[in-house]
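Report on the structure
As a plain string of letters, each chain reads:
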Amino acid sequence: MAKYGDIGKARQTSRQARRIYDFVKPPEIDSGAITHFPVVIAGGGPIGLASAIDLARYGIRSVVLEKYNTVSDGSRAICWAKRTLEILDRIGTSGRMMEKGVVWNQGWVYFGEETEPVYKFDLLPDKEQKFPAFINLQQFYAEEYLIDLFPQYPQTGIRWQNELTDVVNDTDKVIVTVNTPAGEYRLSCDYLIAADGHRSPAREALGLDFIGRVFEDNFLIADVRMKADFPAIRRFWFDPPFNPGQTSLIHKQADDVWRIDFQMGWDIDREEVMKEENIDAKIRAFLGSDLEFEYEWVSLYTFKCCRMEKFVHGRTIFAGDSAHLVSPFGARGANGGLQDVDNLAWKLHLVLTGAAPPHLINSYDDERILGAEENVMNSSRSTDFMTPKSEVSLAFRNATLELAKDFEFARRFVNPGRLSTPSVLDGSPLNTPDEDEFSDRQRPGAPCLDAPVYINGADAWFLNQLGSRFVGIYFSGDGSAPAELDAVGSGQIPVDTLIVTEAGNGGKHILDKNGLLHRHYDARPGTYYLVRPDQHVAGRWRKFNRVKVTNALARATGLAG
Amino acid sequence: MSLRTELGVADPDDFYARLIELHEGLTTEQSHKVNAKVILMLANHVGDTDVLYEVLDYVEKDLGSDV
Ligand SMILES: Cc1cc2nc3c(=O)[nH]c(=O)nc-3n(C[C@H](O)[C@H](O)[C@H](O)COP(=O)(O)OP(=O)(O)OC[C@H]3O[C@@H](n4cnc5c(N)ncnc54)[C@H](O)[C@@H]3O)c2cc1C
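Residues numbered from 1 in each chain as written. Chains lettered and ligands numbered in written order. Predicted model: local features only at pLDDT ≥ 70, side-chain atom pairs only at ≥ 80, totals over all residues. Heavy atoms only, no water.

Things to note about the site of the ligand
Residue and element names in this part refer to chain A.
- Near the ligand lie 34 residues; those nearest to it are Glu66, Gln139, Asp321, Ala334 and Asn335.
- One of the side-chain N or O atoms of glutamine 139 is found 2.8 Å from an oxygen atom in the ligand.
- Protein contact buries 95% of the 1,000 Å² of open area that the ligand shows by itself.
- Counting residues per element, the ones that place at least two in the shell around the ligand are helix H2 (46-57), strand S3 (62-66), strand S10 (163-169) and helix H9 (333-352).
- It is H9 that provides the largest number of residues to the shell around the ligand, a total of three residues.
- When the residues that make up the shell around the ligand are grouped by side-chain class, the tally is 16 nonpolar, 10 polar and eight charged. (Near = heavy atom within 4 Å. Polar contact = N/O pair within 3.5 Å; in protein donor to acceptor, adjacent residues only side chain to side chain. Areas by Shrake-Rupley, 256 points an atom, 1.4 Å probe, with all protein chains shown as cover. Helix = DSSP H or I, 4+ residues; strand = E, 2+ residues; numbered from the N terminus. Nonpolar A, V, L, I, M, F, W, Y, C, P; charged D, E, K, R; others polar.)

Listed below in C-alpha cells is the structure:
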C-alpha cells in the first residue's frame, strides 16, 4: 500500500527498494502501564525524525510513533536548501546528504518554443559557504540517514507500526492512544509533537483544521531513471511545445533518477492521464523518442497551500506538514518543517529542564507562523504565475515572459517558484531590537550567515562554532577581550563566548579568514552578538554591556518580556 | 536609451500580486479600462516623452516580430 496514496494517485512500475523496519511489541501492551515520556512525537517523517534526534542531542527523552514500517515512498521532496543542510549539519546527517545528493545552484527558465532560457538565476548569492544553495536527494534517503542516527541516542527510539489514534490534551500532560498489530496501549507525555503529516490524525483528534486553503492545479509528477547528460540545473518551462499552455520542469536526483513535472490543467480525466501510453507519450514528447528510461514512480497530484491558525495548542505542538502545507514549487515543505524543528527543540529543552518558563513555547507560534505565512504566500504566488486564474492574469504573465527576453526588470517579475530561504524572525518577542547603528543583514531574528574561518591552526566553518547553546560573539581587533564577557549566562542557561579576530593566526580565537564575518555582520572591534541555539541572532551591540546582554538573554528565553 | 530597464520596483512579487488582485472578479471590459487608467496615470507621472515613445516604439516593433 502506498504510504501517501491519499495525496497522489500513484502508478508504480519499477522502484527502488525502501528499507522495512520491524514491529516490536511495546511493553505497555502486556503490562498495561502508561509510560511517561517528556516528549512523544507522532509521525516518523523527516520532521518527526529530526525532532527526536535534535531533542536527544539536548538530552531530552522522547519516542517516535510511526504508523507504517517504512520510509517515504512516492515522489516527494527532492530539493534540500542550504539552511536545511546547516540545520542537518548540527543534527548530524549533512555529510551523508552531501555525499549522495546532487549539488545545484542555478535555475533556468524557458518560454514557448525558444530553446535558449529567457532567464537564469543563481540561488547562492553568498559564495564561500560550507553548503551550496541546494542539493537534490530523494526524501527517503534523508529519512534513512536520520533513522541511522537513532542507535547513537539512547534518549529516543522509533516504534514502527504504532499509530496514534487519540489525543487527550490535558493542562498538565498529554495522553495518547496508540494502535499496533499487537493491540492498543497508552502513553503520557509533557509535550506531544504532532509531526503526523498533512492529514494529521492529531489535528483531527483535537478538532482543529487548516485555514486559508488554496487549491492548485493538477500536476503529473514522474520520477524516471535514465542515463542523460542534462545539466544539474532546475529547468522550468512556461508553455513549451511538449506541454502547450502549461508548465513543465526537469530536475536531477541521485541514482540517475530525474524528476519531471507536467502541469495538466483543471479539467482532466484522471484515469485517462494515468494510462501508461498517455504518460509515455508526454514524456517522449519532452525527452525525445530515442532516450531509454524506466519509471521510478508516477503520481498525479493536486496541491494545496494552507496552514493551521496556531501551531501550539496547550501541550500539543504541530510541526511540518501537519501545521502547514505548500505546493512543492518553492521546495518549502520539508525545508520549512526543518526550520520548525530547529526552532522548537531548544525551547522544549529549556522548558523541560526548568531553565525557562513554559510560555517560551508560545514564541514557536510567533516565529514559525511567520515562516509558514511566508512559505504559503510565496508558494501561492508562484502557482498563480504558473496557473493564471483569469484571461487578464494570463496576459500579464505572458507579457512578463516576453519582456524578460529583452529587459532585466521583467526577469525579476518572472516567477517559476521562489525557492526556500531561511526566514528572518522579524518582530519576534524574543528579539532585542537594535539600539546601535548596524546594517540590516544580520539583524535580530536573522539566521547567522556562514563564513570560512581559521581556528587552532586549521580551516573551519563559522556556523560549526555556533548552535545548540547560546553563544556570545565578540569581535576583537587584537584578540583582547573584556573579562566581563564570561559573566553572562547562568548555570541553567550558559553562554559560550567566541572571540573573532581580523588578523594574526587566531590561536584558539576565530580568525575571520576573508573578512566575510566583519562584512556581513557589520562588525568593528567591540561589536558583540548574542546568538540563540538555533543560530538566529537574539541581539547585538557596538559595545559589550553586561546588563544589556543579560537582559537580552532573559528576553530570548522567555524570562523577561 | 533613456528608458530604465533594470529592476526599479522594490519588491516585484508584491507588486505583481497586487496588480493581479486588482483584476480579480472584473470583466474583460473592466480590466481593459483598469489597465488603460494605470497606463495613462503612469505615463503622466513619467512625463518624459523620450521615455514614453521609447516604450511605445519597443512594443510596436515587438508586435511586428510576432507576425
Ligand atoms: C511531489 C512533492 C514534491 C515535494 N518536493 C519538496 C521539495 O523539493 N522540498 C521540500 O522541502 N519539500 C517538498 N515536498 C514536501 C515534503 O514532502 C513534505 O513537506 C514533508 O514530507 C513533510 O514532512 P513531515 O514529516 O511533516 O510529514 P510526512 O513526511 O508526511 O510524515 C508524516 C509521517 O506521519 C506518519 N503518520 C501519519 N499518521 C500517523 C498516525 N496516526 N500515527 C503515527 N504516525 C502517523 C506518516 O506515515 C508519515 O511517516 C514535496 C511534496 C510533494 C508531494
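With respect to the sheet that holds strand S21 (residues 452-455) of chain A
All names here are of chain A.
- Pairing in this open sheet of seven strands is mixed, and the strands run S22-S21-S25-S24-S23-S26-S27 from one edge to the other. For this open sheet the edge positions go to strand S22 (458-461) and strand S27 (537-541), each flanked by a neighbour on one side alone. Each neighbouring strand pair of the sheet contributes to a mean axis angle of 30°, computed without reference to strand direction.
- Pairing geometry for strand S23 (residues 470-476) and strand S24 (residues 495-501), over seven bridges, is parallel. Across the sheet, residue serine 476 finds its bridge partner in S24, namely threonine 501. (Pairing = 2+ DSSP bridges. Axes fitted to C-alpha atoms, helices over the stretch in contact; angles between N-to-C directions.)

A few points about the domain arrangement of chain A
All names here are of chain A.
- Each domain of chain A was delimited in the assignment, giving domain 1 (22-370) and domain 2 (452-556).
- Relative placement of domain 1 and domain 2: their C-alpha centres are 33 Å apart.
- Facing 21 residues of domain 1, the contacting portion of domain 2 comprises 17 residues.
- When domain 1 packs against domain 2, close to 1,500 Å² is buried across both sides, 49% of that on carbon and sulfur atoms.
- Among the residues of domain 1 in contact with domain 2, Glu128, Lys130 and Trp346 are the three that bury the most area, contributing 36% of the side total.
- Run the count over domain 1 and domain 2 and you get one salt bridge.
- Between arginine 532 and glutamate 367 there is a salt bridge, with the nearest N and O atoms lying 2.8 Å from each other.
- Our enumeration of links across domain 1 and domain 2 arrives at nine residue pairs in polar contact (both at pLDDT 80 or more). (Domains from an automatic or database assignment. Contact = heavy atoms within 4.5 Å. Buried area = accessible area lost by both parts, 1.4 Å probe. Salt bridge = Lys/Arg side-chain N within 4 Å of Asp/Glu carboxyl O.)

Points about the interface of chain A and chain B
- In this complex, chain A contributes 19 residues to the contact, which on the side of chain B involves 19 residues.
- Summed over both partners, the interface of chain A with chain B buries about 1,700 Å², with 62% contributed by carbon and sulfur atoms.
- When the area that chain A buries against chain B is broken down by residue, the three leading residues are Arg381, Phe396 and Phe413 of chain A, summing to 36%.
- Taken together, the connections running from chain A to chain B amount to two salt bridges.
- Here aspartate 14 of chain B makes a salt bridge to arginine 381 of chain A, at a shortest N to O gap of 2.7 Å.

Focus: the sheet that holds strand S5 (residues 102-104) of chain A
All names here are of chain A.
- Spatially, three strands are ordered S4-S8-S5 in an open sheet, and the strand pairing comes out antiparallel. Because the sheet does not close on itself, it has two edges, and the strands there are strand S4 (79-81) and S5. Sheet twist, expressed as the mean angle between neighbouring strand axes with direction ignored, is 30°.
- Inspection of the sheet shows S4 paired to strand S8 (residues 134-136) by three bridges, in the antiparallel sense. What sits directly across from alanine 81, in S8, is phenylalanine 134.
- Packing of H9 onto the sheet brings it into contact with S4 and S8, and relative to S4 it is tilted by some 35°.

Observations concerning the pattern of salt bridges
Residue and element names in this part refer to chain A.
- Counted under the stated rule, the structure contains 39 salt bridges over all chains.
- Linking glutamate 144 and arginine 19 is a salt bridge whose minimum nitrogen-to-oxygen distance equals 3.8 Å. One end of the pair, glutamate 144, is in helix H5 (residues 139-149); the other, arginine 19, is in the loop between strand S1 (8-11) and helix H1 (27-31), with 125 residues separating them in the sequence.
- Owing to a relative accessible area of 30%, arginine 19 belongs among the partly exposed residues under this scheme.
- As a salt-bridge pair, aspartate 340 and arginine 368 come within 2.6 Å of each other at their nearest N and O atoms. Of this pair, aspartate 340 sits in helix H9 while arginine 368 is found in helix H10 (residues 362-386), placing the two residues 28 residues apart along the sequence.
- In this structure aspartate 340 comes out as buried when scored by relative accessible area, which is 0%.
- Classification of arginine 368 by relative accessible area gives buried; the value is 2%.
- It is possible to trace a salt-bridge network through shared partners that takes in Asp54, Lys82, Arg83, Glu86, Arg90 and Asp342. (Buried < 20%, exposed > 50% of the residue type's maximum accessible area, 1.4 Å probe, protein only.)

A closer look at the pairing of strand S2 (residues 35-42) of chain A
All names here are of chain A.
- Burial runs high along S2: six of the eight residues are buried.
- Pairing between S2 and strand S12 (residues 183-194): seven bridges, direction parallel. Bridge pairing in S12 places threonine 35 opposite leucine 187.
- Looking at chain direction, S2 and S3 are connected through four bridges and run parallel. Looking at S3, one finds that isoleucine 41 is bridged to valine 64.
- On the question of chirality, the crossover connecting S2 to the parallel S3 by way of H2 is right-handed. (Right-handed = clockwise from strand over helix to strand, strands pointing away.)

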